[in-house]
Amino acid sequence: MRAILFIIQKEFLQIFRNKTMLPIIFLLPIIQLLILANAATFEMKNINISVVDYDNSRISREVISHFDASTFFTIIPTEQSVEKALELVHSNRTDLVMVIPNGFEKDIDNSIAPKVQLLVNSINGMGASLAYAYSSSILMNFTKNIAIKKLNVNIQTPPTISTQTSYWYNPELKYSHFMVPGILVILVTIIGMFLTALNLVREKELGTIEQINVTPIKRYQFIIGKLVPFWIIAMFELAFGLLVGKLLFDIPINGSLTLLFSFAGVFLVLALGGGLLLSSISSSQQQVMFVAFFFMIVFVLMSGIFTSTESMPNWAQIFNRINPLYYFMKVIRMVLVKGANLSDIRESFISVSILAVTMLSFAIFRYKKTS
Amino acid sequence: MEKKEIIIEVENLVKKFGQFVANDNLTFKVFKGEIFGFLGANGAGKTTAIRILSGLLEPTSGKISVAGYNAYSQRDLIKANIGYMSQKFSLYDDLTVRENIRFFGGIYGLYGKILKARIDELLSDLKMTEFKDDLISSLPLGWKQRLSFSIAMIHKPVIIFLDEPTGGVDPITRRSFWEMIHSVANQGTTVFVTTHYMDEAEYCDRVTIMVDGRIEALDSPANLKKTFNANSMDEVFVMLARKAKSA
């Protein structure tokens, strides 16, 4: 057992002697959170719209002014031709073209359902559907007002279903409440896994591992000695990241931090064990970086950081059962935002524990003192 | 001559890498307390053999016993009783002299007062006490090699394996290195050393000359020179190495 302590002590000496380590540990989370939580957002504030108004009537100008008044839209002037407006779409200067046909006002006067055409730039599918939804709702409101005016005030409007929406767990629909926990997951995984993996393979490159392999140290002692220092650093990183998230973004912490950190502890055994396994089958830092990067991208994009995992195809949901990031992403949001307790995350906890034990055994088994 | 105790016994050791035979049926014995030299050109199979004996490499076949333990089933027991220093310098550059000694002492199972006493003893033997807090990266190569050697001896092993320990150092440092080797051998440690410097062969009690993975000769330097009617080990070696396929 004492041998493990000697390895841990040696690793910490080396980590803190390395001048790039402290900036990585402290600056990385701040920069990542600042950039990603603010930039990676689905909220649309500046949709560019161009209007081709063939009707050029009082009422068509009124429609346009509704768009102008909305904070979501910026009107980009265009010549009065659909072709010219589409050129603006091609050159990416506008996101949406609204065509108001000739006879728009007349149709309204004659109580014929008025028609407009919306041409949406859908290079970004998500943005397109949002732009479409925002503009439809403006048009809907507008027609409803006209209908009321036309039907006269003293006539009862037909009853419509009015919806009262309250957004649970994130009442103000703050995007950062969703993203910051997700980014924290990526952050601790990268710090933990990459540092561990690079550390072990570096000893291979330098040849120092040989000097260790020729000692009677047990394989599990060596692997655990290599894992613990980076486990501690990653746990610290999570605490530090949470603090930054709380101070800068005021993220909610509704659940138990003890629960979150217990889960993170098990998750990190899995992630770091994976890093160690990877480095024991690789022979250079370059190789480790490439393979780790590959897995990170797959795991991150599948984890549900941006997109809901429930709406993924069946095979992807099956794949996610072995995706460590999927579990952590789910748990951290449930605990922080929703205030979930142990029984809510029990299944994830059990799955990650099983994966962690498997991974660690595999890493120990795969590390060979004799080639 | 008194009856000598056998410390390494190798019978028909074979090591293949795919089709390539690196060690072809090696058979030899090493006696306790002797300096046993393994000579050969680059690629003759010296390093392969020494790595197998120190438990870093799995042999393909053959009967091998080191310090009384089986090289297949008792590798950790072998490792507890041997020291190893390789041609590739392997201390931690970013740790100090003392931290390196402490770390390796620790993973060999030393601790507390014993470890501390051993560190102080090592530092004073090496006359490095005042440099104990210097980083390894700041030391000259000769010092690093002497330190490596001492660290390989930290747990007082019965055998020390040295794989081309003097590669790349100047003749004066080599001489002082060999003084260290003689001094540990005088204290009863068996020294197993590979080299391709023929003058170093003269310092060994017995030498083995390897050519193309086979043992071509094994005897004391004096006897070898007599057998091959040569003036120096250099001549003996050249005579044998000419037979090599690869040379």
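Fair warning: this is a prediction, and the values are worked out from it, not measured in the lab.

Each value, and the rule that gives it
- Residues numbered from 1 in each chain as written.
- Chains lettered and ligands numbered in written order.
- Predicted model: local features only at pLDDT ≥ 70, side-chain atom pairs only at ≥ 80, totals over all residues.
- Helix = DSSP H or I, 4+ residues; strand = E, 2+ residues; numbered from the N terminus.
- Rg over C-alpha atoms; globule rule 2.2 N^0.38 Å.
- Buried ≥ 20, exposed ≤ 12 C-beta atoms within 10 Å, placed from the backbone.
- Axes fitted to C-alpha atoms, helices over the stretch in contact; angles between N-to-C directions.
- Parallel < 35°, antiparallel > 145°, perpendicular 65-115°, else oblique.
- Left-handed = near helix turned anticlockwise from the far one by under 90°.
- Contact = placed C-beta atoms within 7 Å.
- Nonpolar A, V, L, I, M, F, W, Y, C, P; charged D, E, K, R; others polar.
- pLDDT = per-residue confidence, 0-100.
- Domains from an automatic or database assignment.

Trainee: Explain the overall build of chain A here, please?
Mentor: Helices and strands together make up the secondary structure of chain A, namely 14 helices and four strands. In terms of overall dimensions, chain A is more spread out than a globule: its C-alpha atoms have a radius of gyration of 28 Å, far above the 21 Å expected for 371 residues. On the principal axes, the C-alpha backbone points of chain A span a range of 95 × 45 × 40 Å. Across the 371 residues of chain A, 36% fall into the buried class.

Trainee: Looking at this structure, how should I read unusual backbone geometry?
Mentor: Across residues other than glycine, the phi torsion is negative in most instances, and most of the peptide bonds are trans. Residue and element names in this part refer to chain B. Despite not being glycine, asparagine 25 has its phi angle at roughly 55°, a positive value. Along the chain, asparagine 25 falls in strand 2 (residues 20–31). Its identity as a non-glycine residue notwithstanding, glutamate 164 has a phi of 45°, on the positive side. Its location among the elements puts glutamate 164 in the loop between strand 7 (159–163) and helix 6 (171–186).

Trainee: What's the story with the packing of helix 3 (residues 97–107) of chain B against helix 4 (residues 112–125) of chain B in this structure? I'm lost.
Mentor: When two helices pack together, their arrangement is given by the angle between the helix axes and the distance between those axes. Residues and elements named next belong to chain B. Viewed as axis vectors pointing N to C, helix 3 and helix 4 meet at an angle of 135°, and their least axial separation amounts to 10 Å. Between helix 3 and helix 4, the angle is such that the two are oblique. Along this stretch, helix 3 crosses helix 4, giving a crossing that reads as right-handed. Across the interface between the two elements, Arg98, Ile101, Arg102, Gly105 and Gly106 of helix 3 pack against Leu115, Arg118, Ile119 and Leu122 of helix 4. Split into classes, the residues belonging to the contact of helix 3 with helix 4 amount to four nonpolar, two polar and three charged.

Trainee: Looking at this structure, I do not really get the confidence of the model for chain B. What am I missing?
Mentor: Parts of the prediction with low pLDDT should not have their coordinates interpreted in detail. All names here are of chain B. With 97% of its residues at a pLDDT of 70 or more, chain B shows a mean pLDDT of 89. Here helix 9 (residues 233–241) stands out as the least confident element of chain B, with mean pLDDT 85; helix 3 is the most confident, with 95. Reported confidence for the predicted complex is 0.89 by ipTM and 0.82 by pTM.

Trainee: What should I look at first to understand the domain arrangement of chain A in this one?
Mentor: It is common to give the size of an interface as the accessible area lost on bringing the parts into contact. By the assigned domains, chain A splits into domain 1 (2–40 + 171–366) and domain 2 (47–151). Between the C-alpha centres of domain 1 of chain A and domain 2 of chain A there is a distance of 48 Å.

Trainee: Even after reading the chapter, I still don't get the interface of chain A and chain B, so can you show me in this structure?
Mentor: Contacts between the two partners involve 20 residues from chain A, matched on the other side by 22 residues from chain B. If you list the elements that add at least two residues to the side of chain A that touches chain B, you get helix 1 (2–17) and helix 8 (208–213) of chain A. Top contributing element to the side of chain A that touches chain B by residue count: helix 1 of chain A, with eight residues. Its residues assigned to classes, the side of chain A that touches chain B comprises eight nonpolar, eight polar and four charged.

Trainee: Would you mind going over the packing of helix 7 (residues 175–206) of chain A against helix 11 (residues 285–302) of chain A with me for this structure?
Mentor: Residue and element names in this part refer to chain A. Viewed as axis vectors pointing N to C, helix 7 and helix 11 meet at an angle of 160°, and their least axial separation amounts to 9 Å. It follows from the interaxial angle that helix 7 and helix 11 lie roughly antiparallel. The way helix 7 lies across helix 11 gives a crossing that is right-handed. Residues Ile186, Ile190, Met193, Phe194, Ala197, Leu198, Val201, Arg202 and Glu205 of helix 7 form the contact with helix 11, whose participating residues are Gln285, Val288, Ala292, Met296 and Val300. Looking at the contact of helix 7 with helix 11, its residues break down into 11 nonpolar, one polar and two charged.

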